[in-house]
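# A look at the structure
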Amino acid sequence: MRFVVTKACGGGGRARAGALYVGSCPTPIETPALLLFTKKGLPTFISRDLLASLPSPDSRLLHVSPLHFLECPLPRTISNIGGLHQMLGLHECIFVAAPRDSIESLPESEGTNKLGPSFETPCGRRLVKPKEYMEMISSLKPNLWASLADEVPAWVSEKRNKTSVDRTLHWLDDCLALDPAGGANILGAIVGGSSIEERKRCATKVAMQNVSGFWIGGFGLGESMEERPALLNSVMDSLPEKKLRQISGLSLPEEVLQGVAAGIDLFESTYIYHLTLGGFALTFPLDIVERDIMHSQLSDTGSDCTKINLRATIYRKDTTPIVENCSCFTCQNHTRAYINHLLNVHEMLAQILLEIHNTHHYLAFFHSIREAIKGGKFDLFHRRFIDGRRAHVTSAVPCS
Amino acid sequence: MIGTIKGLTNNQLEDIGCQIILGNTYHLALRPGADLIDDLGGLHKFMNWKRALLTDSGGFQMVSLLHLADITEKGVTFQSPVDGKPMLLTPEESIQIQNKIGADIIMALDDVVKTTTTGPRVEEAMYRTLRWIDRCIAAHQKPDVQNLFGIVQGGLDPVLRDICARGLVERNLAGYAIGGLLGGEDKDSFWRVVAQCAAALPENKPRYVMGVGYPLDIVVCSALGADMYDCVYPTRTARFGTALVPEGVLKLKHKVMASDERPIDPTCSCMVCKNYTRAYIHCLVTKDAMGSQLLSYHNLSYMMRLSRDLHMSIVEGCFPQFVQGFLRAQFPKGDVPKWVCNAMEVAGIDISACCVLHPSSQN
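Criteria and thresholds
Residues numbered from 1 in each chain as written. Chains lettered and ligands numbered in written order. Predicted model: local features only at pLDDT ≥ 70, side-chain atom pairs only at ≥ 80, totals over all residues. Heavy atoms only, no water. UniProt positions renumbered as here; feature names shortened; annotations may be inferred. Helix = DSSP H or I, 4+ residues; strand = E, 2+ residues; numbered from the N terminus. Expected span 1.5 Å × (residues − 1). Polar contact = N/O pair within 3.5 Å; in protein donor to acceptor, adjacent residues only side chain to side chain. Buried < 20%, exposed > 50% of the residue type's maximum accessible area, 1.4 Å probe, protein only. Contact = heavy atoms within 4.5 Å. pLDDT = per-residue confidence, 0-100.

As recorded in an unreviewed UniProt entry, chain B goes by the name Queuine tRNA-ribosyltransferase catalytic subunit 1, listed as coming from Phoenix dactylifera. Word for word, the UniProt comment on chain B under Cofactor (unreviewed entry) is "Zn(2+)".

In the annotation of an unreviewed UniProt entry, the entry for chain A reads Queuine tRNA-ribosyltransferase accessory subunit 2, and the organism field reads Phoenix dactylifera. Taken verbatim from the UniProt record of chain A, the Subcellular location (unreviewed entry) comment is "Cytoplasm". Recorded in UniProt for chain A, the comment headed Subunit (unreviewed entry) runs: "Heterodimer of a catalytic subunit and an accessory subunit."

Dropping the structure here:
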């Protein structure tokens with residue numbers, strides 16, 4: 001794989017645009033980019049033929065957790081079939097494997113010991129040792145994969161936090177030793193909790209290893225949004241500019257922007273999954289730099305101009321698409337009224353259509369981020385977006 | 001369906017060759033409501049389906065789903081599932097609702113009894129069905145765009161069935177359904193009713209056997225002269241992890257599937273069989289939504305392929321050979337059920353090559 005930084009933000013900003021050349025994807029993936037959440041390698045509801053209707057190559061970048069295959073198929077069977085790309089029929093997709101997925105594979109730090117990290121999974125609590133992990137990786141053959149990490153919540157003791165860094169470094173050594181490709185596709189895992197010193201220590205040590213990029217874990221586990229930038233910066237300061245940085249646990253648009261501002265290139269996010277299951281569809285405007293959204297008003301549906309809840313009865317007869325002029329399959333073919341009906345009668349098609357639209361919209365958000373970086377306007381974009389999100393909260397509400 | 005086929009989008013349905021979808025009037029009238037569908041321009045527009053739609057009368061669901069459903073000359077009385085109030089579905093109202101939904105084919109409200117019912121009730125239901133068809137015809141507001149089909153009733157009694165069929169044919173309807181079957185009767189009784197009704201219905205109009213069904217049933221009914229079918233079986237069985245294959249069914253949940261690297265059906269060219277192994281589907285079924293989606297997709301593709309194959313074999317004059325191939329795949333040991341042999345004999349299809357002869361010579 002090859003990663004190049006194509007545009008650094010400059011002016012003291014750390015955001016950067018890049019291009020990732022990997023696998024048999026014909027065009028490079030432009031970064032910052034979104035990794036789509038998958039269950040056993042496929043999106044939750046979008047089958048391959050519908051995935052093909054989403055923008056390419058943006059929608060070809062998938063996050064897969066090897067732990068989804070703990071029960072079946074066996075590594076031997078997966079190898080016989082030929083690995084992820086063959087098993088899923090997604091030859092042009094790029095799979096990045098990392099154990100934590102924030103939905104079904106949750107780091108369980110209390111079960112973790114020196115032998116390996118522990119996760120809460122649908123199969124119960126499972127400890128994954130480096131040898132077992134590498135067996136899964138070599139059968140799945142993802143394009144990139146993260147080494148094992150001991151992710152701890154923000155409130156653990158200093159001692160526990162320090163141990164998590166020691167273990168994570170140790171497991172990186174183990175994974176590298178067991179990797180036939182010698183680190184060519186590995187993203188070295190970096191943890192350190194809420195301690196700036198430990199974050200720095202871990203990042204520095206991992207940076208010295210022969211890895212292709214970095215997987216930054218331990219975020220989204222209890223630290224506040226306010227303390228995050230300093231922690232992120234302490235990690236980034238210790239990493240080489242030229243190598244790829246992926247992060248887990250920054251799901252929401254505001255969190256993604258924090259990550260981009262710190263210099264992150266790839267984001268795992270489960271935002272789309274949660275929106276979809278809740279019956280929500282993203283509607284926030286994407287042309288943030290161009291338009292002035294300070295004057296957006298709070299609508300009376302309880303929606304906040306960022307998303308709509310299609311279960312609401314006001315959509316029963318709404319024959320407009322979710323977002324006017326959205327080119328996704330859902331908006332081109334169906335109305336809010338229809339999706340409202342599908343949700344009412346508990347039909348899976350509702351989730352399929354919502355996941356398609358939400359994926360399309362969130363990918364478009366990342367596209368806007370990249371455009372803003374390339375145009376040197378990322379800080380403005382960031383500020384305007386955040387201010388716009390808060391506008392409805394701070395606008396005066398008339399008292400009755 | 002209730003405005004959607006389980007987990008498939010319209011373009012996926014078009015891809016697999018689906019030409020017509022059945023909409024459940026009962027469910028649609030409850031949610032989102034017939035008036036809403038009408039206000040939004042009809043069901044085609046509401047769900048953006050560009051091909052054909054058929055709605056049933058709503059009567060069957062009421063009788064089978066609802067508490068205290070009762071049938072009188074006026075119509076079907078039942079308790080509203082929303083608030084328990086007594087309600088009445090008349091032939092006029094059924095047609096009115098179906099006019100609002102706007103399907104291409106609509107079904108008359110019939111008085112349907114289970115085939116296991118005996119006594120005067122069966123005859124009463126048959127004659128009432130004939131009286132109701134006249135009320136349906138009178139109430140039908142859009143005969144130029146919506147085709148009204150009548151439904152032949154009469155239980156398992158050939159005399160009653162004959163009276164009903166002739167009565168409907170006199171009304172010169174757009175098409176005819178054979179109803180009231182698959183309520184517990186044995187297979188021999190089932191095919192005999194289909195055979196008799198098909199023979200009594202005009203050659204140049206569609207014959208629709210309601211609620212059929214299993215692939216084997218469809219092949220037999222087609223041999224007997226039926227043209228149209230509806231069934232929840234393909235998608236329902238998919239949700240339990242069962243795939244339809246030429247050999248019968250494949251239970252993807254079984255442990256043995258966990259290491260099976262073949263596609264569900266090597267002879268199937270659907271998106272699922274072209275891309276996935278049994279082993280992978282096995283790990284999805286009953287656990288992930290995608291599992292039931294992919295199986296529904298395959299099962300519906302299988303049914304579309306079966307219909308296409310039946311059609312082409314008739315057009316090309318090799319229908320008997322197709323039937324023989326179908327039976328050989330399902331019954332490789334030659335143990336074709338007796339009822340199938342009996343039906344094929346009446347249908348004039350020679351399947352002796354794929355049957356182990358049955359020892360008894362019962363008719």
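### What about helix H8 (residues 158-170) of chain B?
Spanning 13 residues, H8(B) covers 18 Å between terminal C-alpha atoms, matching the ideal 18 Å at 1.5 Å per step. A side-chain oxygen of the first residue of H8(B) lies 2.8 Å from the backbone nitrogen of Val159(B); this N-cap is Asp157(B).

### As for helix H9 (residues 271-278) of chain A
Within H9(A) the residues assigned to the buried category are Tyr271(A), Ile272(A), Tyr273(A), Leu275(A) and Thr276(A). Just downstream of H9(A), Gly279(A) is the residue with a positive phi angle, here 80 degrees.

### Notes on the UniProt feature "active site" (unreviewed entry) in chain B
All names here are of chain B. Under the UniProt annotation, "active site" (unreviewed entry) lies at Asp56 and Asp230. Spanning 175 residues, the named residues form one tight spatial group whose C-alpha atoms are at most 10.5 Å apart. Along the polypeptide, Asp56 turns up in the loop between strand S2 (52-55) and helix H5 (59-65). Asp56 has contacts with Gly23, Asn24, Thr25, Gln61, Gln98 and Met107, leaving out every residue within four places of it along the chain. Of the polar contacts made by the side chain of Asp56, one reaches the side chain of Asn24; its length is 3.4 Å. Secondary-structure assignment places Asp230 in the loop between strand S10 (228-229) and helix H11 (233-239).

### Side note on the confidence of the model for chain B
Per-residue confidence for chain B averages 93 on the pLDDT scale, and 96% of its residues sit at or above 70. Interface scoring of the predicted complex returns ipTM 0.94; its pTM is 0.94.

### Description of the UniProt feature "binding site: Zn(2+)" (unreviewed entry) in chain A
Residue and element names in this part refer to chain A. If you check UniProt for "binding site: Zn(2+)" (unreviewed entry), the listed places come out as Cys326, Cys328, Cys331 and His357 in our numbering. Spanning 32 residues, the annotated positions come together in the fold, the maximum distance between their C-alpha atoms being 8.5 Å. In this fold, Cys328 is placed in the loop between strand S16 (307-309) and helix H10 (329-333). Of the residues examined, Cys328 reaches a relative accessible area of 1% and is grouped as buried. Note that Cys331 resides in helix H10.

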